[in-house]
Each structure stands twice: as C-alpha cells, then as structure tokens.
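A structural walkthrough
Spelled out, the chains give:
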Amino acid sequence: MKDLQSLNRLIEAFEELPSIGKKSATRLAISIAKDKFKALKLINAIEDVVANIKECEICGNFSEHEICDICSDEHRDKTLAVVENSKDIITIEESGSYKGYYFVLTHIDDEIIEKLKNIIREKKIEELIFAFPPSVESEARSLYIEDKLKDLNIEFTQIAQGVPTGVHFENVDVNSLAKAIKQRFKL
Ligand SMILES: [Zn+2]
C-alpha cells in the first residue's frame with residue numbers, strides 16, 4: 001500500500017535487526033505509529049547510542065570512552081579472555097565468574113593480532129583464555145592465535161565443555177558459563 005510507505009519502511013528497518021521476523025517487525029512498527037511518545041523516546045535512545053557508543057581502542061569492547069572501564073581498571077586479574085563479540089563480555093561479566101581482561105576477536109588479520117599482542121604486554125597478561133563457543137572453527141582459530149603468540153611466554157587455556165557445542169553464550173545459563181570458565185583447561 002502506497003499510503004503506508006513510511007510504515008513499510010519502518011517494518012523493513014526492523015526486519016534487518018537480529019532475530020526480528022516480519023511479524024514482530026510489523027507489530028513493533030504499528031506500536032510506534034500508535035504511540036508518538038514511545039516513538040520519540042526510542043529515537044532519542046538510538047541517537048544516543050549512535051553518538052556515544054564506540055569500540056574501546058584496546059580491547060574492542062563497547063564503550064562510551066576511548067578506553068573502556070574494564071581496560072581502565074588496573075586491579076583486574078592478569079588473565080585475558082578472548083571472545084567473539086562484546087555481547088559475550090556482558091554475559092561473562094554477569095556470570096560474576098571472571099575478573100580478568102577481555103579482547104574481542106571479530107576476525108583475524110595482522111592488525112588485530114598486533115592489538116592482541118599490545119594488550120598482553122600492556123596488562124602483563126599471564127594467561128590467555130579462549131572463550132569461544134566450542135566448534136571446529138573456534139578450535140582452528142585458537143590454534144592459529146596460539147601459534148602467532150607463542151613467543152610471548154603466556155599460558156593458553158580454553159573454557160571447559162560446560163558450554164554446549166554450537167550454542168551462543170547468550171543462550172547458555174549463567175551457571176554453566178561460570179562453571180565452564182572455572183574449569184578451564186590448559187592447552
Ligand atoms: Zn577495553
């Protein structure tokens with residue numbers, strides 16, 4: 001319907017978000033069209049995130065500053081958990097089972113390996129924990145990184161199999177994740 005072009009555009013925009021299908025997108029768009037106050041609140045919050053949230057220069061975590069709160073904290077353990085995305089940091093922090101630093105490894109290239117080496121040196125890291133959801137690709141990636149960092153004199157560990165294969169951390173209950181971190185093993 002041409003008359004509802006703007007509503008359709010909003011539905012399409014919602015559909016591009018993760019885990020939102022056509023039905024949910026339509027429901028959200030209609031609720032926004034109906035409630036202008038709610039809509040403005042959402043616009044404001046989105047603008048705020050766009051303007052203020054960036055990636056920490058050291059670890060790649062979401063932050064409102066150049067350096068995130070975790071990297072700025074000098075009192076954390078000398079361990080470094082390498083995760084797939086910032087969302088995993090939030091999940092692990094919520095589990096309360098870990099007090100070290102993090103590094104977000106979204107891809108592999110020379111630049112990101114250099115950044116990883118920098119944080120290891122700067123934070124005097126003694127143990128690097130591969131905190132990827134278990135899969136064949138994760139294993140290959142861990143081996144590759146371990147090889148790239150072998151001159152750095154650190155210990156490599158991997159979180160235990162409390163986390164089921166192929167399942168993302170956000171879908172794992174906090175206790176299993178905490179246990180998996182506690183029972184990490186040496187590589
Ligand atoms: Zn950081």
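Check the entry above for the structure.
Since this is a predicted model, take the numbers as computed values, not measurements.

Protein-derived coordination of the zinc ion comes from Cys56 (SG), Cys59 (SG), Cys68 (SG) and Cys71 (SG), at a distance range of 2.3 Å. Angles of 104 to 115° at the metal separate the four donor atoms of the zinc ion, which places the site in the tetrahedral class. When the donor residues of the zinc ion are listed from N- to C-terminus, their spacing reads C-x2-C-x8-C-x2-C. Taken as a pair, Cys56 in the loop between strand S1 (54-55) and strand S2 (62-63) and Cys68 in the loop between S2 and helix H4 (69-72) lie far apart in primary sequence, 12 residues in all.

Following the criterion strictly, the structure yields eight salt bridges and no others. For Lys123, the salt bridge goes to Glu74, with nearest N and O atoms at 3.9 Å. Pair noted here: Lys123 is in the loop between helix H6 (110-122) and strand S5 (127-130) and Glu74 is in the loop between H4 and strand S3 (79-83), with a separation of 49 residues, a long-range link. Using a relative accessible area of 54% as the deciding quantity, one classes Glu74 as exposed.

Here we take up the environment of Ser24. Residue placement: Ser24 occurs in helix H2 (residues 22-34). Residues Ser24 and Phe14, spaced 10 residues apart in sequence, show a C-alpha to C-alpha distance of 8.3 Å.

Before going further, it helps to examine the pairing of S5. Residue alternation in S5 divides its side chains into two sets, Glu127 and Ile129 and Leu128 and Phe130, and both sets are buried. With four bridges joining them, S3 and S5 adopt parallel strand pairing. Each bridged residue has a counterpart across the sheet, and for Val82 the counterpart in S5 is Phe130. In this structure, S5 lies alongside strand S6 (residues 155-158), joined through four bridges in parallel fashion. Paired with Leu128 across the bridge in S6 is Phe156. With helix H7 (residues 136-148) bridging S5 and its parallel neighbour S6, the resulting β-α-β unit is right-handed.

Residue placement: Gln158 occurs in strand S6. Since its relative accessible area comes to 18%, Gln158 is described here as buried. Sequence-distant contacts of Gln158, defined by excluding residues within four places in its chain, comprise Phe130, Arg184, Phe185 and Leu187.

Definitions and cut-offs
All residue numbers here refer to positions counted from 1 along the written sequence of the relevant chain. Only residues with pLDDT of at least 70 are given local features in this predicted model, and only at 80 or more are side-chain atom pairs given and counted; all residues enter the totals for whole chains, interfaces and linings. Hydrogens and water molecules were not included; the side-chain quantities draw on all heavy atoms of the structure. Water is absent from the atoms considered, so a metal site may look incomplete; donors are defined as N, O and S atoms within 2.8 Å of the metal, or 3.2 Å for Na, K and Ca. A site with four donors is called tetrahedral when every donor-metal-donor angle falls between 85 and 135 degrees; four donors are called square planar, and six octahedral, when opposite donors sit more than 155 degrees apart and all other angles fall between 65 and 115; any other arrangement is irregular. Each helix is a run of DSSP H or I of at least 4 residues and each strand a run of E of at least 2, with the numbering of both proceeding from the N terminus. A side-chain nitrogen of Lys or Arg and a carboxyl oxygen of Asp or Glu constitute a salt bridge if their distance falls within 4 Å. Under the scheme applied here, a residue whose accessible area is under 20% of the maximum for its type counts as buried, over 50% as exposed, and between as partly exposed, the area being computed with a 1.4 Å probe on protein chains only. One requirement defines pairing of two strands: DSSP has to find at least two bridges between them. Classification remark: right-handed applies to a crossover when, strands pointing away from the viewer, the course from the first strand over the helix to the second runs clockwise. The criterion used for residue contact is that any of the two residues' heavy atoms lie within 4.5 Å.

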